[in-house]
Amino acid sequence: AQTVTQSQPEMSVQEAETVTLSCTYDTSESDYYLFWYKQPPSRQMILVIRQEAYKQQNATENRFSVNFQKAAKSFSLKISDSQLGDAAMYFCAYRSLREYGNKLVFGAGTILRVKS
Amino acid sequence: DAGITQSPRYKITETGRQVTLMCHQTWSHSYMFWYRQDLGHGLRLIYYSAAADITDKGEVPDGYVVSRSKTENFPLTLESATRSQTSVYFCASSESHSTQFFGPGTRLTVL
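Residues numbered from 1 in each chain as written. Chains lettered and ligands numbered in written order. Predicted model: local features only at pLDDT ≥ 70, side-chain atom pairs only at ≥ 80, totals over all residues. Heavy atoms only, no water.

Draft legend 1. Fine view of the interface of chain B and chain A. With 30 residues of chain B in contact, the opposing surface of chain A contributes 20 residues. A combined buried area of about 2000 Å² lies between chain B and chain A, and 50% of that area is made up of carbon and sulfur atoms. Counting across the interface, chain B meets chain A through zero salt bridges. At the junction of chain B with chain A, the criterion picks out 10 residue pairs in polar contact (both at pLDDT 80 or more). When residues of the side of chain B that touches chain A are traced back to their parent elements, those giving at least two are β4 (31-38), β5 (42-51), β6 (54-57), β9 (87-94) and β11 (106-110) of chain B. The biggest single contributor to the side of chain B that touches chain A is β5(B), with five residues. Of the residues that constitute the side of chain B that touches chain A, the class distribution is 13 nonpolar, 13 polar and four charged. (Contact = heavy atoms within 4.5 Å. Buried area = accessible area lost by both parts, 1.4 Å probe. Salt bridge = Lys/Arg side-chain N within 4 Å of Asp/Glu carboxyl O. Polar contact = N/O pair within 3.5 Å; in protein donor to acceptor, adjacent residues only side chain to side chain. Helix = DSSP H or I, 4+ residues; strand = E, 2+ residues; numbered from the N terminus. Nonpolar A, V, L, I, M, F, W, Y, C, P; charged D, E, K, R; others polar.)

Draft legend 2. How the structure looks around the environment of V19(A). All names here are of chain A. Locating V19 in the fold gives a position in strand β3 (residues 19-21). V19 sits in the buried class, given a relative accessible area of 4%. On a C-alpha basis, the gap between V19 and T5 in space is 18 Å, while along the polypeptide they are 14 residues apart. Those residues in contact with V19 that lie beyond four places of it in its chain are M11, V13, L77, K78, I79, S82 and L112. (Buried < 20%, exposed > 50% of the residue type's maximum accessible area, 1.4 Å probe, protein only.)

Draft legend 3. The arrangement of the pairing of strand β5 (residues 32-39) of chain A in detail. Residue and element names in this part refer to chain A. For β5, the buried fraction is high: eight of the eight residues fall into the buried class. Side-chain alternation along β5 places Y32, L34, W36 and K38 on one buried face and Y33, F35, Y37 and Q39 on a second face that is also buried. Here β5 runs beside strand β10 (residues 88-96); their pairing, made up of eight bridges, is antiparallel. Within the sheet, the bridge partner assigned to Q39 lies in β10 and is M89. In this sheet, strand β6 (residues 46-52) lies alongside β5 in antiparallel orientation, the contact comprising six bridges. Opposite F35, over in β6, you have R50 as the bridge partner. (Pairing = 2+ DSSP bridges.)

Draft legend 4. Quick peek at the layout of surface pockets. Empty space within the largest pocket amounts to approximately 430 Å³. Along the wall of the largest pocket there are 24 residues; nearest its centre are Q2(A), L104(A), V105(A), F106(A) and E59(B). When residues of the lining of the largest pocket are traced back to their parent elements, those giving at least two are β1 (3-5), β10 and β11 (105-106) of chain A together with β5 of chain B. Lining of the second largest pocket is provided by 16 residues; of these, Q39(A), R43(A), M89(A), Q37(B) and R107(B) occupy positions nearest its centre. Those elements that provide at least two residues to the lining of the second largest pocket are β10 of chain A together with β4 of chain B. In the lining of the second largest pocket, the residues fall into eight nonpolar, five polar and three charged. (1 Å grid on protein atoms, 1.4 Å probe; cavity = no way out; pocket = protein on both sides within 12 Å on 5 of 7 lines; lining within 4 Å. Points joined across faces, edges and corners; volume = space filled by probe spheres on them.)

Draft legend 5. Inspection of the nonpolar core at higher detail. Counting residues in each nonpolar core, the largest one holds 25 residues, and the members touching the most others are Y25(A), W36(A), F75(A), L77(A), Y90(A) and L112(A). Listing elements by their share of this core, those giving two or more residues are β3, β5, β6, β8 (64-69), β9 (74-79), β10 and β12 (110-115) of chain A. Among the elements that make up this core, the one with the highest residue count is β10(A) (four residues). Among the nonpolar cores identified, the runner-up in size contains 20 residues, and M45(A), F33(B), Y35(B) and Y48(B) belong to it. (Core = buried A, V, L, I, M, F, W, Y, C linked by side-chain atoms within 4.5 Å.)

Here it is in structure tokens:
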């Protein structure tokens, strides 16, 4: 079974600075998707970014970008120019393309605090 | 409104009682999911459904029952609630191999 590990329970960043959240995963598969979800205090789960494993190019969405290292099974999220609204819990998630069910496997999450 | 909704948003119940959490989506997505969120565990899959009348167990199915008689609804029932089922429950939906969209969550407290 696949596992996802987020080794940083909590991170802090100064407003306008850059922060990187770590995620590693364990799988024997070669085709899969990886995701970062944001959960603000409202509890709503919001998709931040998605990466297809077959793509070598790192995904980018505005101030959010990933560093996808397939051989190392690493998938970190970089937030540039941090804003107060970025404060949230961030979850890394894995989805197999082989397994039936379209299921997500989540990491335990990282709480990001943004200081003004 | 279009999207995915859950009801109730908050629920307090007592040990041994039956509780049903509702999930409704308006996209006609094939797949629907139930997750529970607990500190230190992230979200864990309870049950999922690939289509109406097709359901399968996830990682933590014990103590839960699901049904899916209509594509748009996927209720989750706790047949005899226990304190360990105190959690935040999320419903999600998706098409095959596409992004999952989540409902707003239900905070359940079992006393």
